[in-house]
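Residue strings, one per chain:
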Amino acid sequence: MSTIKVAINGYGNLGRGVEKAIAHAKDMELVAVFTRRDPESVTTQGAPVVSLDDVDAWADKVDVVVNCGGSATDLHVQTPIIAKKFNVVDSFDTHAKIPEHFEEVNKAAEGGSNLALISGGWDPGFFSLLRVYGAAFLPESDVYTFWGPGLSQGHSDAVRRIEGVKKGVQYTIPVEEARQRILGGEHAELTVREKHERVVYLVAEDGADKDKIRDEIVNMPNYFDEYNTTVNFISDAEFDAEHTGMPHGGDVIRLGKTSEGVQHVIHFNLKLDSNPEFTGSVLVACARAVVRMNAEGAQGAITLFDVPPAKLHPATPAELRAHML
Ligand code: NDP
């Protein structure tokens, strides 16, 4: 059987995570990395680097593209463009804008007879599946998602795009008191502000207006405006010493009942040493599913909700029934 030919579009943290994940997938090979930068300036682990302007020439050589641009400004532009020519997977994580992004990508992918999976990863993605499974299995229930403590790539990316920011990271911190209340079985009604706080560390460009940067961050719609956010300006040296790792994780907790006095708790916890490497691994499994489902005739946009689990795994359905059921 021939291997699935994958291209990565956008070579940042996530692009490098996807590259590592493909190296672990025996049924897949990385054939190219697409970039908006001068290809000469980008060094991969071996795959050829191609200018994004020249990707049309790769339409017959690539089975699926994994779009690894940022959600803040890249993916809503890039995924519809790529979906016209290729099967594609992205990790678009601006939850409030997912329906809009889905419609745009759906139009583009259907026009090109391609299949596009949007918002893969762990949240949105794996955590979304856990929320749906829990709600389907326990209709009388409430779900609570806590993120962190950890570094959010989407929020870090959004911070770095602000004028005057040289380097920046954003940590999402769950409010432990709220988390413990839920784990203790309390069906509490919590606002976003009561569940998480956001802490930003950044290095400003020389002469940048720090008050303006802080203001822009704390008021950024969808990203920061509904949270208590602390912005810390630090030196280059401190940033490099303390803030270059990318751990993350979180909890999906569902509290439910099936009859009076009969309670159930579903608690899923994720602890990730590397957010981009784990997200990359999920996206590569999604890419496998997209190629298989498109070969069976599926077109347009989908999310992980629409993917049968067996399509994500390289083994056959018979092997999965024998060993995983
Ligand atoms: P980066 O900032 O590292 O990369 C984003 C893009 O910027 C790259 O695709 C690349 O595009 C460009 N770029 C990267 N490095 C450089 C550089 N040195 N100079 C100039 N341009 C550069 O973002 P991340 O990879 O950390 O995150 C990407 C997105 O992944 C996030 O915005 C988030 O939305 C998503 N994500 C989703 C998750 C989920 O669970 N759904 C979890 C984690 C992340 P190019 O090569 O074209 O220049």
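What you see is a predicted model, and the numbers here were worked out from it, not measured in a lab. (Residues numbered from 1 in each chain as written. Predicted model: local features only at pLDDT ≥ 70, side-chain atom pairs only at ≥ 80, totals over all residues. Heavy atoms only, no water.)

## Thoughts on the nonpolar core
- Counting 33 residues, the largest nonpolar core has V18, I22, M28, V64 and V89 as the members making the most contacts within it.
- Looking at this core, the elements with two or more residues in it are β1 (4-9), α1 (13-23), β2 (28-35), β4 (64-67), β6 (115-117) and α10 (275-295).
- Examining the composition of this core, we find that nine residues originate from one element, α10, more than from any other.
- What V18 contacts, discounting residues up to four positions off in sequence, is I8, V66, C68, G280, L283 and V284. (Core = buried A, V, L, I, M, F, W, Y, C linked by side-chain atoms within 4.5 Å. Buried < 20%, exposed > 50% of the residue type's maximum accessible area, 1.4 Å probe, protein only. Helix = DSSP H or I, 4+ residues; strand = E, 2+ residues; numbered from the N terminus. Contact = heavy atoms within 4.5 Å.)

## Focus: helix α6 (residues 176-183)
- Looking only at α6, the buried set comprises A178, R179 and I182. Viewed along the axis of α6, the buried residues span an arc of 100°, placing them on a single side of the element.
- Considering only its buried residues, α6 is in contact with β7 (141-147), α7 (192-195), β12 (248-259) and β13 (262-272).
- After α6 finishes, the residue G185 shows a positive phi value of roughly 100°. (Arc of directions from axis to C-beta.)

## A look at the sheet that holds β7
- Taken in spatial order, the three strands make up an open sheet running β7-β12-β13, and their pairing is antiparallel. Where the open sheet ends on each side, the last strands, each with one partner, are β7 and β13. Direction aside, the axes of adjacent strands within the sheet are offset by 10° on average.
- Pairing analysis gives seven bridges linking β7 to β12, with the strands arranged antiparallel. (Pairing = 2+ DSSP bridges. Axes fitted to C-alpha atoms, helices over the stretch in contact; angles between N-to-C directions.)

## So, the confidence of the model for the chain
- Mean pLDDT for the chain: 96, with 100% of residues reaching 70 or above.
- Considering each helix and strand of the chain separately, the mean pLDDT is smallest for helix α5 (residues 153-160), with a value of 88, and largest for β4, with 99.
- Scored as a complex, the prediction yields pTM 0.91 and ipTM 0.99. (pLDDT = per-residue confidence, 0-100.)

## Re the packing of aromatic side chains
- According to the stated counting rule, one finds eight aromatic pairs in the structure shown.
- Between F34 and F86, the ring centres sit 6.1 Å apart and the planes meet at 55°, which makes this aromatic pair tilted. Of this pair, F34 sits in strand β2 while F86 sits in the loop between α2 (75-83) and β5 (88-89), and the two are 52 residues apart along the sequence. Comparing F34 with F86 shows no difference in burial state: the two are buried.
- For the pair Y133 and F137, a centre-to-centre distance of 5.8 Å together with 15° between the ring planes defines the contact as stacked. A residue pair is termed a helical-turn pair when its members lie 3 or 4 positions apart in one helix, as Y133 and F137 do in helix α4 (residues 126-137) at four residues.
- The partly exposed category is assigned to Y133, whose relative accessible area is 38%.
- Lying across the ring of F146, K195 places its NZ or CZ 5.5 Å from the centre. (Phe/Tyr/Trp six-rings, centres within 6.5 Å; stacked < 30°, edge-to-face > 60°. Lys NZ or Arg CZ within 6 Å of the ring centre and 35° of its normal.)

## A short note on the UniProt feature "domain: Aspartate/homoserine dehydrogenase NAD-binding" (unreviewed entry) in the chain
- The feature "domain: Aspartate/homoserine dehydrogenase NAD-binding" (unreviewed entry), as given by UniProt, occupies residues 10-89 in the numbering adopted here.
- The span residues 10-89 is 25% helix and 21% strand, and its two end C-alpha atoms sit 12 Å from each other. (UniProt positions renumbered as here; feature names shortened; annotations may be inferred.)

## A closer look at the site of the ligand
- If you check the shell around the ligand, you find 26 residues, and the closest are L14, T35, S71, W122 and Q153.
- The backbone of L14 places a nitrogen or oxygen atom 2.8 Å from an oxygen atom of the ligand.
- In this structure, P124 approaches the ligand through a main-chain N or O atom, which is 3.2 Å from a nitrogen atom.
- Within the complex, 83% of the 910 Å² of free accessible area of the ligand lies under protein.
- If you tally residues by element for the shell around the ligand, the top one is α5, at four residues.
- Looking at the shell around the ligand, its residues break down into five nonpolar, 14 polar and seven charged. (Near = heavy atom within 4 Å. Polar contact = N/O pair within 3.5 Å; in protein donor to acceptor, adjacent residues only side chain to side chain. Areas by Shrake-Rupley, 256 points an atom, 1.4 Å probe, with all protein chains shown as cover. Nonpolar A, V, L, I, M, F, W, Y, C, P; charged D, E, K, R; others polar.)

## Considering the pattern of salt bridges
- Within the structure shown, the criterion is met by 18 salt bridges.
- Linking K107 and E104 is a salt bridge whose minimum nitrogen-to-oxygen distance equals 3.6 Å. Taken together, the positions of K107 and E104, both in helix α3 (residues 98-111) and three residues apart, correspond to about one turn of that helix.
- A salt bridge links E296 to K311; its shortest N-O distance comes to 2.8 Å. Taken as a pair, E296 in the loop between α10 and β14 (300-302) and K311 in helix α11 (residues 309-312) lie far apart in primary sequence, 15 residues in all. (Salt bridge = Lys/Arg side-chain N within 4 Å of Asp/Glu carboxyl O.)

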